[in-house]
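Examining the three-dimensional arrangement
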Amino acid sequence: MKRIKLACLLLVFVQQVVLGTHDVYIVTMEGDPVVNYRGGVEGFPATALDLDEEMDVTSEAVTSYSLHLRRHHDNLLDSLFVEGTYEKLYSYHHLINGFAVHMSSLQAEFLKKAPGVKHVERDMKIQKLTTHTPQFLGLPTGVWPRGGGFDRAGEDVVIGFVDSGIYPQHPSFSSHKTDPYGPVPRYKGKCEMDPVTQRSFCNGKIVGAQHFAKAAIAAGAFNPDIEFASPLDGDGHGSHTAAIAAGNNGIPVRMHGHEFGKASGMAPRARIAVYKVLYRLFGGYVADVVAAIDQAVQDGVDILNLSVGPNSPPTATRTTFLNPFDAALLSAVKAGVFVAQAAGNGGPFPKTLVSFSPWITTVAAGVDDRRYKNHLTLGNGKLLSGLGVSPATHGNESFSLISAADALLGSSATKYSALDCQRPELLNKRKVQGKILLCGYSFNYISGTASIKKVSQTAKKLGAAGFVVAVENSYPGTKFDPVPVSIPGILITDVSKTTDLIDYYNSSTTRDWAGRATVFKATAGIADGLAPTLYNSAPQVALFSSRGPDVKDFSFQDADVLKPDILAPGNLIWAAWAPNGTDESNFAGEGFAMVSGTSMAAPHIAGIAALIKQKNPKWSPSAIKSALMTTATTLDKGSHPLRAQQYTSSEMMTLSRATPFDCGSGAVNPKGALDPGLVLDATHEDYITFLCSIPDVNHSEVSNIAGSSCNSSSKVQRPYDLNIPSITISQLRGTETVKRTVTSVSDESETYSIMTRMPPEIALDVTPPALTVLPGASREITATLTARSVTGTYSFGEITMKGDRGHLVRIPVVAMGFK
């Protein structure tokens, strides 16, 4: 009776008010989603299964309970609000019990008070976190042969890509020149039809393709004239990440008549399932992403790659880890899905991560051993280094230089920023022809309205012998990448070298009384920059890669969780591109792109995780994550400690020794991850206990968002008691004892000797000093940390377990001493 009264009162009141501006809200409800439901609702049998069982999403139990939840969502909204004043966008029922709804803020306030409603949160935006690497990581010789060779690497493992879609015609995703792909019976995803060609987006290699845009449309961000209302990739980002993880092996990367090697995914035989949530103009919305994740897990993906993340830590909850996005991923992990997420591109500054939770594998971006360098030789003998993936000037000869400023057609051209060399009609072809065109680098390049590719097109149209783009002003945070071009060209990024170039040009150019150039005596030659140089000082943590420490709330207090988790290649990665992609103006219209970002690092881990899953199909996501982390290396190819690119006080780039806040446990080692010896496993209950142990956490929020209650009768836990392959204590007062349980995944028993390394500010002792672990058995180690001095900074160390059968297990340890 009370519920009917409340509903009637709300209905009458809503009819009497003028509804305000509508937003999208994500609502979580009482009652378990499919993955957690163990019965209790009359007429609906349990749907949750033990982890070693595979859920049949088409079963009558799952179907009927899902329909029950959807109807409950509809009935609640119908009972509270007038039809037409709101729009339900999605019902979430597989991973979380809730829905996304487009309504006014006043309606959202009413909804918060409705019976059965646990949490209401306004939707927020997400952003992109934007192949030589198989050889660099040792896959062809050390890993693929174990799975039957590259043509079987990742066989029948399904990787879901929550991204900007896919360009299915690309050879990296073709099924024509490969062994036939059979069905994957456990995968139930659907394939949308291309509205233009009326062809399916799937071909055997691609097994699922769907798009999610209801929240974007409701928010008014979706422009159907620009965006594709289909899984087609109009951005390029999604095709690139899918190819890195699971693209076909041996695809020639050709551009401007030159082959830059052959591209391959980490798991070239893995299947691709596409869940498009990102769009050209605005990125995406969490409500669409949660719907995509819910659908992907329901469809039966094995791995999820998320090269996307929120713009900042969530503000609606007290702790970072409690939000619909991370809660959906927690349920995905419970369902057996491994999740790789990009760390973010906010580096090198601390606390810039956009991936927070311990059940997610957060991936930092590394610079691999391949660098594209080039140089310009001036007529006075000076060599100016720069970036330019281009052929050399004809015959390796020198040509006269002409500045764009001296080639302008009329003074009115200055209003068009003609010095950027973006518009050939503004420059005098007769003057430029046969010379090297000297262009300026302005903020237009950073904003995306100017590109090196357009300079190349301008120079080519004017008949120039080549071009130089010179950076005269330092723009903090600017990331300069080499761009492949069809004519000789180079970007000079060092301001001091630009000064040398301009001084030489001015001193060698004769001008009349009005300052007009009449004789051009400055000459230069551009070297061949098509071949990369290989370095042993790799990998390094890329400058842009987001750094820890992890944060536990919106006030950016440090969390007792190590993030990022691992480092993978993410700088200058060649992979497939959508010819209509708009994400990188320098690769517009191309079939391949060389792109940088933690977006590129995450699919390396997703693909390698697929190889581990193929070999060990029963391993949990946390076991796969442990195998990746405990076998990661902290040394570069030259056997020196990993280094991280940083800024000096004068904003110049420098290198410093990498810490776990830069690279997590270290650089991924695929061969080691396939045979880790020991793993540290964690269950769904362990993650719930972790959430409940966070200081000042609201236990009702844990229940409302994560869907599981805190057990007050259990012993008091601390966040750093979670059984993950790292130990992080943000406030170490006195002495703390931490336990970790290791489980053997070897076929033979092995005896491990245990060693520790820690700076003198923190004492670290581990017992026992040695232990023997039988196949399949588990043993416990105890680490005791004591603060010896208070420095106000973190100390970094590690626990190393060396087995007598060759396994090496590393657990990074991070702590800051407090009084």
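Small disclaimer: the values here were computed from a predicted structure and weren't measured.

Since one α-helical turn is 3.6 residues long, residues separated by three or four positions face the same way. Among the 8 residues of helix 19 (residues 699-706), 6 are classified as buried, and the element is accordingly described as predominantly covered. Buried within helix 19 we find Glu701, Val702, Ser703, Asn704, Ile705 and Ala706. Considering only its buried residues, helix 19 is in contact with strand 1 (22-29), strand 4 (117-122), helix 9 (324-334) and helix 18 (684-693). Trailing helix 19 by a residue or two, glycine 707 shows a phi angle of about 80°, which is positive.

This brings us to the confidence of the model for the chain. Here the chain shows a mean pLDDT of 86. Residues at 70 or above account for 90%. Here residues 1-19 is modelled with pLDDT under 50, and outside its nearest four sequence neighbours on either side it reaches 22 contacts, counting other chains as well.

Here we have 5 strands laid out as an open sheet, ordered 34-41-40-36-38, and mixed in their pairing. Every interior strand has two partners, whereas the edge strands, strand 34 (727-733) and strand 38 (770-773), have only one. Each neighbouring strand pair of the sheet contributes to a mean axis angle of 25°, computed without reference to strand direction. Looking at chain direction, strand 34 and strand 41 (residues 808-818) are connected through 5 bridges and run parallel. By the bridge assignment, isoleucine 729 is partnered in strand 41 with alanine 815.

What follows is about the pattern of salt bridges. Tallied over the full model, the rule gives 22 salt bridges. Across the salt bridge formed by lysine 739 and glutamate 780, the nearest N and O atoms sit 3.7 Å from each other. Taken together, the residues span a long stretch of sequence, with lysine 739 in strand 35 (residues 735-744) and glutamate 780 in strand 39 (residues 778-787) at a distance of 41 residues. Three or more residues joined by partner-sharing salt bridges are found here, namely Lys563, Asp565 and Lys625.

The pairing of strand 27 (residues 540-541) with strand 31 (residues 643-647) spans 2 bridges and is parallel. Considered in strand 31, the bridge of valine 541 is made with alanine 644.

Take the nonpolar core next. Core analysis: the biggest nonpolar cluster contains 72 residues, and Ile293, Leu304, Trp359 and Leu691 have the highest contact counts within it. At 9 residues, the largest contribution of residues to this core is made by helix 8 (residues 286-299). Every residue in contact with leucine 691, bar those within four places of it in the chain, is listed here: Phe321, Leu322, Leu330, Trp359, Val697, Val702 and Ala706. Core analysis: the second largest hydrophobic core is formed by 71 residues, Val253, Ile566, Leu572 and Val668 among them.

Our next topic: the state of the cysteines. Disulfide: a covalent bond formed between the sulfur atoms of two cysteine residues. Under the criterion given, the structure shown has 3 disulfides. The disulfide partner of cysteine 191 is cysteine 202, and the gap between their sulfur atoms is 1.8 Å. Measuring handedness by torsion sign, the sulfur bridge of cysteine 191 and cysteine 202 sits at about -95° and is left-handed. Placement of the pair is cysteine 191 in the loop between strand 6 (158-163) and strand 7 (206-211) and cysteine 202 in the loop between strand 6 and strand 7, with a sequence separation of 11 residues.

Thresholds applied
- Residues numbered from 1 in each chain as written.
- Predicted model: local features only at pLDDT ≥ 70, side-chain atom pairs only at ≥ 80, totals over all residues.
- Heavy atoms only, no water.
- Buried < 20%, exposed > 50% of the residue type's maximum accessible area, 1.4 Å probe, protein only.
- Helix = DSSP H or I, 4+ residues; strand = E, 2+ residues; numbered from the N terminus.
- Contact = heavy atoms within 4.5 Å.
- pLDDT = per-residue confidence, 0-100.
- Pairing = 2+ DSSP bridges.
- Axes fitted to C-alpha atoms, helices over the stretch in contact; angles between N-to-C directions.
- Salt bridge = Lys/Arg side-chain N within 4 Å of Asp/Glu carboxyl O.
- Core = buried A, V, L, I, M, F, W, Y, C linked by side-chain atoms within 4.5 Å.
- Disulfide = S-S within 2.5 Å.

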